[in-house]
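Architecture at a glance
Spelled out, the chains give:
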Amino acid sequence: MKEFTKNFGIDNGSTSSEVSHGNDSDDEREAADIVSLLSKNTEELDAVICSLNGGYVLPAPGGDLLRDGTAVLPTGRNIHALDPYRMPSSLAWTRGQNAAEEIIRQHQSSNDGSYPETVAVTLWGLDTIKTRGESIAIVLALVGARPVKEGTELIPLKELGRPRIDILVSLSGIFRDSFANVVDLL
């Protein structure tokens, strides 16, 4: 780790605002920011002590660094999993579309090119939280809808280029309780 930080001109006491980026590429700049944010991992213990003393710990999104970016760093904040009204995220929408296309492709390859009439999908609460709504995106893509702010819209059939596919959805209890807005939408 020391060698890695040395390559980006970061020492243990610096913050991202103290890092000189010069002509670094975007990847190098992002790596330098991540290293700087990771060096603040002592804030976890500070936050625990603060909360045990009745203090306020700032809220922040939780998640995975690779899927959610640097907004999840530094750790040691009062994390919240998600905003159910922002499901699926743009990355989850892309992954969900790809998964839906693969479901259709596999069905067509084993059924003389015909489209599936119905596909069953189970929506799990924790999986939805972890992937930021990838399973919701799969359902929307198969039906031929797309997410818009605070809802969805049907894609016109001419633009969709295929029939809409019926979805049989099974919900976990956590999904039902955490994503009532999505249940109403579906």
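Keep in mind that what you see is a predicted model, and the values were worked out from it rather than measured.

**Looking at the environment of Gln106**
For Gln106, the location among the structural elements is in helix α5 (residues 90–110). The spatial distance from the C-alpha of Gln106 to the C-alpha of Pro116 is 9.8 Å, given a sequence separation of 10 residues.

**Side note on unusual backbone geometry**
Of note in the backbone geometry, Asp112 takes a positive phi value of approximately 55° without being a glycine. Here Asp112 is to be found in the loop between α5 and β3 (118–123). Residue Asp112 is classed as exposed on the basis of its relative accessible area, which comes to 83%. With a phi close to 60°, Arg132 is a non-glycine residue in the positive phi region. Locating Arg132 in the fold gives a position in the loop between α6 (125–131) and α7 (134–143). Under the relative-accessibility criterion, Arg132 is labelled buried at 15%.

**Describing the packing of α5 against α7**
In contact at an axis separation of 7 Å, α5 and α7 are set at 55° when each is read in the N-to-C sense. Between α5 and α7, the angle falls in the class oblique. Along this stretch, α5 crosses α7, giving a crossing that reads as right-handed. Touching Ala92, Trp93, Arg95, Gly96, Gln97, Ala99, Ala100, Ile103 and Ile104 of α5 are Glu134, Ala137, Ile138, Leu140, Ala141 and Leu142, all from α7. Considered class by class, the residues forming the contact of α5 with α7 number 11 nonpolar, two polar and two charged.

**What about the nonpolar core?**
Among the nonpolar cores identified, the biggest contains 19 residues, and Ile136, Leu142 and Phe175 are the most heavily contacted of them. For this core, the elements supplying multiple residues, two or more each, are α5, β3 and α7. With seven residues, the single largest contributor to this core is α7. Apart from residues lying up to four places away in sequence, Phe175 is in contact with Leu123, Trp124, Gly125, Thr128, Ile136, Val182 and Val183.

**Notes on the pairing of β3**
Because side chains alternate across β3, one face comprises the buried residues Val119, Val121 and Leu123, and the other comprises Thr118, Ala120 and Thr122, none of which is buried. Two strands pair when backbone bridges link them, and β3 and strand β6 (residues 166–171) are joined in this way by six bridges, in the parallel orientation. Paired with Ala120 across the strands is Leu168, a residue of β6.

**Describing a nonpolar patch on the surface**
Residues Val169, Leu171 and Leu186 make up a contiguous nonpolar surface patch of about 220 Å² in total accessible area. Structurally, Val169 can be placed in strand β6. A relative accessible area of 30% means that Val169 is categorised as partly exposed.

**Focus on the pattern of salt bridges**
Tallied over the entire structure, the rule returns six salt bridges. Residue Arg95 is joined to Glu134 by a salt bridge in which the shortest nitrogen-to-oxygen separation is 2.5 Å. One end of the pair, Arg95, is in helix α5; the other, Glu134, is in helix α7, with 39 residues separating them in the sequence. Among the residues examined, Arg95 registers a relative accessible area of 22% and is labelled partly exposed. Salt-bridge contacts for Glu159 lead to Arg146; the nearest nitrogen and oxygen are separated by 2.8 Å. Of this pair, Glu159 sits in helix α8 (residues 157–160) while Arg146 sits in strand β4 (residues 145–148), placing them 13 residues apart in sequence. Taken together, the shared-partner salt bridges connect Arg146, Glu153 and Glu159 into one network.

Quick notes on the rules
- Residues numbered from 1 in each chain as written.
- Predicted model: local features only at pLDDT ≥ 70, side-chain atom pairs only at ≥ 80, totals over all residues.
- Heavy atoms only, no water.
- Helix = DSSP H or I, 4+ residues; strand = E, 2+ residues; numbered from the N terminus.
- Buried < 20%, exposed > 50% of the residue type's maximum accessible area, 1.4 Å probe, protein only.
- Axes fitted to C-alpha atoms, helices over the stretch in contact; angles between N-to-C directions.
- Parallel < 35°, antiparallel > 145°, perpendicular 65-115°, else oblique.
- Left-handed = near helix turned anticlockwise from the far one by under 90°.
- Contact = heavy atoms within 4.5 Å.
- Nonpolar A, V, L, I, M, F, W, Y, C, P; charged D, E, K, R; others polar.
- Core = buried A, V, L, I, M, F, W, Y, C linked by side-chain atoms within 4.5 Å.
- Pairing = 2+ DSSP bridges.
- Patch = residues over 30% accessible without salt bridge, like charges linked within 9 Å, V, L, I, M, F, W, Y side chains within 5 Å.
- Areas by Shrake-Rupley, 256 points an atom, 1.4 Å probe, with all protein chains shown as cover.
- Salt bridge = Lys/Arg side-chain N within 4 Å of Asp/Glu carboxyl O.

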